[in-house]
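# Overview (structure and organization)
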Amino acid sequence: MIIKVRENENLELRTLVPGNTDEVFEVVDKNREYLRPWLPWVDDTKSPHNTRHSIENWKKSLKNKSEFIFGIFLGGNYIGNMGLHEINRSNNSSEIGYWLAQDYQGMGIMTDCVRALTDFGFDELDLNRVFICCASDNKKSRAVPERLGFVHEAVLQDGICLHGVYHDVLTFGVVKRKWVKTN
C-alpha cells in the first residue's frame, strides 16, 4: 500500500516488507542517539533481525487491520516511520506515532505525512478520531499536531518513563467533523 504525500518530491508512505529490513535498521542505527531520548524501542533494535521481526509483525497487523505501519520514503530512500496504532473499532479511533531521521528534520516532511495519514484514517478507514501522544519536552514531536490544528486534550502527569526518567505526556486529537483538509 502506498500513500503519495508530495508528488513533486516523490515523498510517500509505503508499507514495509522484509526486503526493507537492512535499510530500516541502518537508518535507526545511524540515528540511534538522536531517537533514543524519546523512543524506548530504540535500545531493543540491536540488529537487522530485530527489525525484520518488527516488519513481519506489522505485516500481520496490516492483514487484520489493527495497525497500519508505513515507512516514509523520500526519492525512494527510507527516512523514517509512522503509523496508525491500535485501531479501536468500538470508538473508530487510532493513535498516530512517528519518527524521522535527524537529517530530514525541519523540512515540513512530518507535518505533510501526518496530514496525509490523518486523511487516510478518516477517508479510507472511516475513523472518527485520531490522536497523537508525545512527551511534553519533545518539542519537535509536539509541534506537528499543533501546526495541524489538533486540539490539546490532556496532560498525563509522569505518563511515560524513558530511560528511568518520568515525563508528562501530552495528548492532541482531532475528530473527523472538525478536520480541515488542506490538499
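Conventions we followed
- Residue numbers restart at each chain and count upward from 1, following the sequence in its written direction.
- Whole-chain, interface and lining totals are the exception, using all residues; otherwise, since this is a predicted model, local features are given only for residues with pLDDT of at least 70 and side-chain atom pairs are given and counted only at 80 or more.
- Working from all heavy atoms in the structure, the side-chain values ignore hydrogens and water.
- The criterion for an aromatic pair is that two Phe, Tyr or Trp rings (for Trp, the six-membered ring) have centres within 6.5 Å, with stacked assigned to planes under 30 degrees apart, edge-to-face to planes over 60 apart and tilted to the rest.
- Helix and strand labels come from DSSP, where a helix needs a run of H or I of at least four residues and a strand needs a run of E of at least two; each type is numbered from the N terminus.
- Relative accessible area decides the class of each residue, using a 1.4 Å probe on protein chains only: under 20% of the type maximum gives buried, over 50% gives exposed, and in between gives partly exposed.
- Only Lys NZ and Arg CZ are tested; either one counts as a charge over a ring when it is within 6 Å of the ring centre and within 35 degrees of the ring normal.
- By nonpolar core we mean a set of buried residues, namely Ala, Val, Leu, Ile, Met, Phe, Trp, Tyr and Cys, connected to one another through side-chain atoms within 4.5 Å.
- Residues count as neighbours in contact if any of their non-hydrogen atoms are within 4.5 Å of one another.

As a further point, take the packing of aromatic side chains. Enumeration over the complete set of coordinates arrives at seven aromatic pairs. Ring geometry for Phe150 against Trp179: centres 5.9 Å apart, planes inclined by 80°, an arrangement best described as edge-to-face. On the criterion of sequence distance, the pair formed by Phe150 in the loop between α5 (139-147) and β7 (151-162) and Trp179 in the segment after β8 (165-175) is long-range, its members being 29 residues apart. Each member of the pair, Phe150 as well as Trp179, carries the same accessibility label: buried. Members of the aromatic cluster, connected to one another through ring pairs, are Trp41, Phe73, Tyr78 and Trp99. Above the ring of Phe73, the side-chain terminus of Arg14 is found at 3.8 Å from the ring centroid.

By size, the foremost hydrophobic cluster in this structure holds 35 residues, and its most contacted members are Ile72, Met82 and Val114. For this core, the elements supplying multiple residues, two or more each, are β1 (2-6), β2 (11-15), β3 (68-74), β4 (77-88), β5 (93-100), α4 (109-123), β6 (129-135) and β8. The element that contributes the greatest number of residues to this core is α4, accounting for eight residues. In this structure, Met82 is in contact with Leu13, Phe68, Ile69, Phe70, Ile72, Ile96, Gly97, Tyr98, Met110, Cys113, Val114 and Leu117, ignoring residues within four places of it in sequence. Counting residues in hydrophobic clusters, the runner-up holds twelve residues, among them Leu16, Val27, Val28 and Leu35.

Geometry only, nothing functional implied.
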